[in-house]
Amino acid sequence: MDIDTLQSICTKLPGVTEDIKWGHDLVFSVGSKMFAVTGLEPPFTCSFKVPDEDYEEMITQPGISPAPYMARNKWVLVSPGNKLNKKDFERLIQQSHKLVSGKLPKKLRAELGLM
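What comes next is a walk through the structure. (Residues numbered from 1 in each chain as written. Predicted model: local features only at pLDDT ≥ 70, side-chain atom pairs only at ≥ 80, totals over all residues. Heavy atoms only, no water.)

**Some thoughts on the nonpolar core**
To keep things clear, this is the line we draw: Here the nonpolar core consists of buried residues drawn from Ala, Val, Leu, Ile, Met, Phe, Trp, Tyr and Cys, with membership extended through side-chain atoms lying within 4.5 Å. Partly exposed residues are those whose accessible area sits between 20% and 50% of the maximum for their type, while under 20% is buried and over 50% is exposed, using a 1.4 Å probe and protein chains only. Strands here mean DSSP runs of E at least two residues long; helices mean DSSP runs of H or I at least four residues long; both are numbered from the N terminus.
Counting 24 residues, the largest nonpolar core has Leu6, Phe35, Phe48, Val76, Phe89 and Ile93 as its most contacted members. Listing elements by their share of this core, those giving two or more residues are α1 (3-11), β2 (25-30), β3 (33-39), β4 (46-49), α2 (52-58), β6 (75-78) and α3 (86-101). With four residues, α3 is the largest single contributor of residues to this core. Counting five residues, the second-largest nonpolar core is a separate cluster that includes Val27, Val37, Trp75 and Leu77.

**Notes on the packing of aromatic side chains**
We apply this condition: Any two of the Phe, Tyr and Trp rings considered here, Trp counted by its six-membered ring, make a pair once their centres fall within 6.5 Å; the pair's planes then place it as stacked at under 30 degrees, edge-to-face at over 60, or tilted in between.
Across all of its chains, the model carries two aromatic pairs by this definition. With a centroid separation of 6.4 Å and 70 degrees between ring planes, the pair formed by Phe44 and Phe89 is classed as edge-to-face. Residue Phe44 is located in the loop between β3 and β4, and its partner Phe89 is located in helix α3; the two are separated by 45 residues in the primary sequence. Assessed through its relative accessible area of 0%, Phe89 is described here as buried. When the ring of Phe48 is compared with that of Phe89, the centres are 6.3 Å apart and the planes differ by 80 degrees; the resulting orientation is edge-to-face.

**Description of the sheet that holds strand β5 (residues 64-66)**
Strand pairing in a sheet is mediated by backbone hydrogen bonds. Such pairs are either parallel or antiparallel. Using the following cut-off: Any two strands with at least two DSSP bridges between them are considered paired. Fitted lines through C-alpha atoms give the axes, limited to the stretch in contact for helices. The angle between two N-to-C directions lies from 0 to 180 degrees. The contact criterion used is simple: two residues touch if any of their non-hydrogen atoms lie within 4.5 Å.
Across the sheet, six strands lie side by side as β1-β2-β3-β4-β6-β5; this open sheet has antiparallel pairing. Both edges of this open sheet fall to β1 (16-21) and β5, since each of them pairs with a single strand only. On average, each strand axis in the sheet is tilted by 25 degrees relative to the strand beside it, whichever way the strands run. Sheet topology places β3 next to β4; three bridges connect them, and they run antiparallel. When the sheet's bridge partners are listed, Val37 is paired in β4 with Ser47. Packed onto the sheet, α3 meets β1, β2, β3 and β4 and runs at close to 45 degrees relative to β4.

**Some details on the packing of α1 against α3**
Quick reminder of the rule: Throughout, the term roughly parallel applies to angles under 35 degrees, roughly antiparallel to angles over 145, roughly perpendicular to angles from 65 to 115, and oblique to all others. Each crossing gets its handedness from the near helix: less than a right angle anticlockwise from the far helix is left-handed, clockwise is right-handed.
Interhelical geometry of α1 versus α3 gives an angle of 45 degrees and a closest axis separation of 10 Å. Relative to α3, α1 is oriented oblique. The element α1 and its partner α3 pack so that their crossing is right-handed. Of α3, the residues touching α1 (which contributes Thr5, Leu6, Ile9 and Cys10) are Lys86, Phe89, Glu90 and Ile93.

**Structural notes on the pattern of salt bridges**
Here is the rule we go by: Whenever a carboxyl oxygen of Asp or Glu lies within 4 Å of a side-chain nitrogen of Lys or Arg, that contact is scored as a salt bridge.
A full pass over the atoms with the stated rule returns two salt bridges. A salt bridge links Asp19 to Lys21; the shortest N-O distance between them is 3.3 Å. According to the relative accessible area criterion, Lys21 is partly exposed, its value standing at 29%. Between Asp52 and Lys49 there is a salt bridge, and its shortest N-O distance comes to 3.9 Å.

**Topic: the side chain of Thr38**
As a reminder, the rule being used: Here a polar contact means two N or O atoms within 3.5 Å. Within protein one must be a hydrogen donor candidate and the other an acceptor candidate, and residues neighboring in sequence count only if both atoms are side-chain atoms.
Examined against the element boundaries, Thr38 turns out to sit in strand β3. Taking relative accessible area as the criterion, Thr38 reaches 1% and is therefore assigned buried. Side-chain polar atoms of Thr38 contact the backbone oxygen of Thr45, separated by 2.5 Å. Not counting residues up to four positions away in its chain, the partners in contact with Thr38 are Ile3, Leu6, His24, Asp25, Leu26, Phe44, Thr45 and Cys46.

Just distances and angles here, no functional claims.
Below is the structure:
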C-alpha cells in the first residue's frame, strides 16, 4: 500500500475531505471527523478505526498495532510487514468511513449524501 492507493480509496467515498494536520499527516475525514490518517514521510503507515469487537484480534496480526493516541477509540496502525492485501485494506478503510460517518448527526449525514 501507499499514499496514492489510500487517496484513491478514500476520495471515492461520500462526503470525504482531506487535509494536512500536525504538519506531516494526511488526514481523511467525513463530516469533519477523521476516519483515516497517514504520515507523509516514508515508510507508509496508516491508522484507522475498526469495530470494537475486532480490535483485539487485529492488533495481534503482524504489522498491525494499537494506533498512538487513538487506541482508546479502537484505532489501529498498519505498518510495513502487515499481511493485508489491497482488497482487505480497502474493505477496512471503507468500514472505518462507515463507523465514523454512522456517528454523525442524521441531518449532516443527509447533507453529505450518506443516507
